[in-house]
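The chain contents come next:
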Amino acid sequence: MTTIRNIVLVHGGFVDGSGWQGVHEQLTADGYRVAIVQNPTLSLAGDVAATHQVLDDLDGPAVLVGHSYGGAVITEAGHHPGVAALVYIAAFAPDKGESVNTLVSDPAPGAPVPPILPPRDGFLFLDREKFAASFAADVPEAQASFMADSQVPWGLDAAGGAITEPAWRVKPSWYLVATDDRMIPPPVQHTMAERAGATVSETPGSHAVYVSRPASVAAVIAQAAEGTATS
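Since this is a predicted model, take the numbers as computed values, not measurements. (Residues numbered from 1 in each chain as written. Predicted model: local features only at pLDDT ≥ 70, side-chain atom pairs only at ≥ 80, totals over all residues. Heavy atoms only, no water.)

Colleague: Account for the sheet that holds strand E7 (residues 173-178), with residues named and values stated.
Modeller: With parallel pairing, the 6 strands of this open sheet are ordered in space as E2-E1-E3-E4-E7-E8. With partners counted over all chains shown, the strands left at the sheet margins are strand E2 (33-37) and strand E8 (199-203), one partner each. Strand-to-strand twist in this sheet, taken as the mean axis angle between neighbours without regard to direction, amounts to 20°. Of the strands in this sheet, strand E1 (6-10), strand E3 (62-67), strand E4 (83-89), E7 and E8 are in contact with helix H10 (residues 214-227), which crosses E7 at around 165°. (Pairing = 2+ DSSP bridges. Helix = DSSP H or I, 4+ residues; strand = E, 2+ residues; numbered from the N terminus. Axes fitted to C-alpha atoms, helices over the stretch in contact; angles between N-to-C directions. Contact = heavy atoms within 4.5 Å.)

Colleague: Describe in detail the layout of surface pockets, supporting the description with residues and values.
Modeller: By volume, the largest pocket amounts to about 570 Å³. Lining the largest pocket are 29 residues, with Phe92, Leu103, Val104, Pro114 and Met183 positioned closest to its centre. Counting only elements with at least two residues in the lining of the largest pocket, the list comes to helix H4 (100-104), helix H7 (156-159) and helix H8 (186-195). Looking at the lining of the largest pocket, its residues break down into 22 nonpolar, 5 polar and 2 charged. (1 Å grid on protein atoms, 1.4 Å probe; cavity = no way out; pocket = protein on both sides within 12 Å on 5 of 7 lines; lining within 4 Å. Points joined across faces, edges and corners; volume = space filled by probe spheres on them. Nonpolar A, V, L, I, M, F, W, Y, C, P; charged D, E, K, R; others polar.)

Colleague: Kindly report on the packing of helix H1 (residues 21-29) against H10, identifying the contributing residues and their values.
Modeller: The interhelical angle for the contact between H1 and H10, taken along N-to-C directions, is 55°, at an axis separation of 8 Å. The angle between H1 and H10 falls in the class oblique. For the crossing formed where H1 meets H10, the hand is right-handed. Residues Gly22, Val23, Gln26 and Leu27 of H1 lie in contact with H10, whose contacting residues are Pro214, Ala215, Val217, Ala218 and Ile221. Here the contact of H1 with H10 is composed, by residue class, of 7 nonpolar, 2 polar and no charged. (Parallel < 35°, antiparallel > 145°, perpendicular 65-115°, else oblique. Left-handed = near helix turned anticlockwise from the far one by under 90°.)

Colleague: Describe the packing of aromatic side chains, and please don't skip the residues or the numbers.
Modeller: For any two aromatic rings, the description comes down to two numbers: the centre-to-centre distance and the angle of the planes. Going through the model one piece at a time under the given rule, you end up with 5 aromatic pairs. An angle of 55° between the planes, with centres 5.3 Å apart, marks the rings of tyrosine 69 and tryptophan 154 as tilted. Taken together, the residues tyrosine 69 in the loop between E3 and helix H3 (70-77) and tryptophan 154 in strand E6 (residues 154-155) connect sequence positions 85 residues apart. In terms of burial, tyrosine 69 and tryptophan 154 fall into one category: buried. Measuring from ring centre to ring centre gives 4.9 Å for phenylalanine 131 and phenylalanine 135, while their planes differ by 20°; the resulting arrangement is stacked. Residue phenylalanine 131 and its partner phenylalanine 135 are both found in helix H5 (residues 128-135); the two are separated by 4 residues, about one turn of the helix. (Phe/Tyr/Trp six-rings, centres within 6.5 Å; stacked < 30°, edge-to-face > 60°. Buried < 20%, exposed > 50% of the residue type's maximum accessible area, 1.4 Å probe, protein only.)

Colleague: Run through the side chain of serine 134, naming residues and quoting values.
Modeller: On the secondary structure map, serine 134 appears in helix H5. A relative accessible area of 12% means that serine 134 is categorised as buried.

Colleague: Tell me what's going on with the environment of aspartate 181, and back it up with residues and numbers.
Modeller: With respect to the helices and strands, the residue aspartate 181 is situated in the loop between E7 and H8. Along the sequence, aspartate 181 and serine 206 sit 25 residues apart, while their C-alpha atoms lie 4.4 Å from each other. In this structure aspartate 181 touches Ala90, Pro186, Gln189, Gly205, Ser206 and His207, once residues within four positions along its chain are discounted.

Colleague: An account of the packing of helix H2 (residues 44-56) against H3 is requested, with residue identities and associated values reported.
Modeller: Following both chains from N to C, one finds H2 and H3 inclined at 65°, their axes separated by 9 Å at the closest point. Relative to H3, the element H2 lies roughly perpendicular. Judged by the sense of rotation from one axis to the other, the crossing of H2 with H3 is right-handed. Together, Leu44, Asp47, Val48, Thr51 and His52 of H2 and Ala72, Val73, Glu76 and Ala77 of H3 make up the contact between the two elements.

Colleague: Give a description of the environment of serine 150 that names residues and reports values.
Modeller: Within the secondary structure layout, serine 150 lies in the loop between helix H6 (141-149) and E6. With 27 residues separating them in the primary sequence, serine 150 and phenylalanine 123 have C-alpha atoms 15 Å apart. Polar side-chain contacts of serine 150 include one of 2.8 Å to the backbone oxygen of phenylalanine 146. (Polar contact = N/O pair within 3.5 Å; in protein donor to acceptor, adjacent residues only side chain to side chain.)

Colleague: I'd like a rundown of H8, residues and numbers included.
Modeller: Residues three or four positions apart in an α-helix share a direction because the helix packs 3.6 residues into each turn. Every buried residue belonging to H8 is among Pro186, Gln189, Met192 and Ala193, and all of these are buried. Across the axial projection of H8, the buried residues extend over an arc of 125°, all falling on one side. Seen from the buried face of H8, the exposed residues on the opposite side, beyond 90 degrees, are Pro187, Thr191 and Glu194. Against the buried residues of H8 lie H4, E7 and E8. Of the residues flanking the end of H8, it is glycine 197, one or two places downstream, whose phi is positive at about 70°. (Arc of directions from axis to C-beta.)

Below you can see the structure in the form of structure tokens.
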């Protein structure tokens, strides 16, 4: 059996792919070939197309990884024949007909409310002053401030893009729950992970767990690569 060596990382809304640097360093040090998708975040369809472009360039099967909104992207993009497994990192895992918007439309009583500002010219942003506490509470202050200042506009058509058929129905999946997440409540993460039939693990961490705990995130990705080894 041969362990899958290709990993493709997909970022969420409000951020770009640079947040994956620590995970990239961990995985490449272990011999994986890692590619990072830079989502345009204008529409779900556009981000799926960007992900497919990266997958098309790989030699051999890949583990496709998504954080936050990136989970919606991999749920749709994961039907690509080059995808062997899916990994959700504190991510949305929508079912058929669902979008990020529908998943957050009815928050549980008492759940933290993400500080998303009213749409501006068709895009969403997080309140800069509340970004760190909600998104990156365990990231060093200076780094969290930079993330707040370098936000990527998140298109309404991306947040509202509905899944046609979830890839987790036909591809094995793993899910890492961030137990201190104030953007996607941990109970919601567990519910989505269980519905998807994912192999679930937990780690302390904010929504930016992929930044603050890259070793824990990389370990789950490696488990997926090893768990779907090819003959």
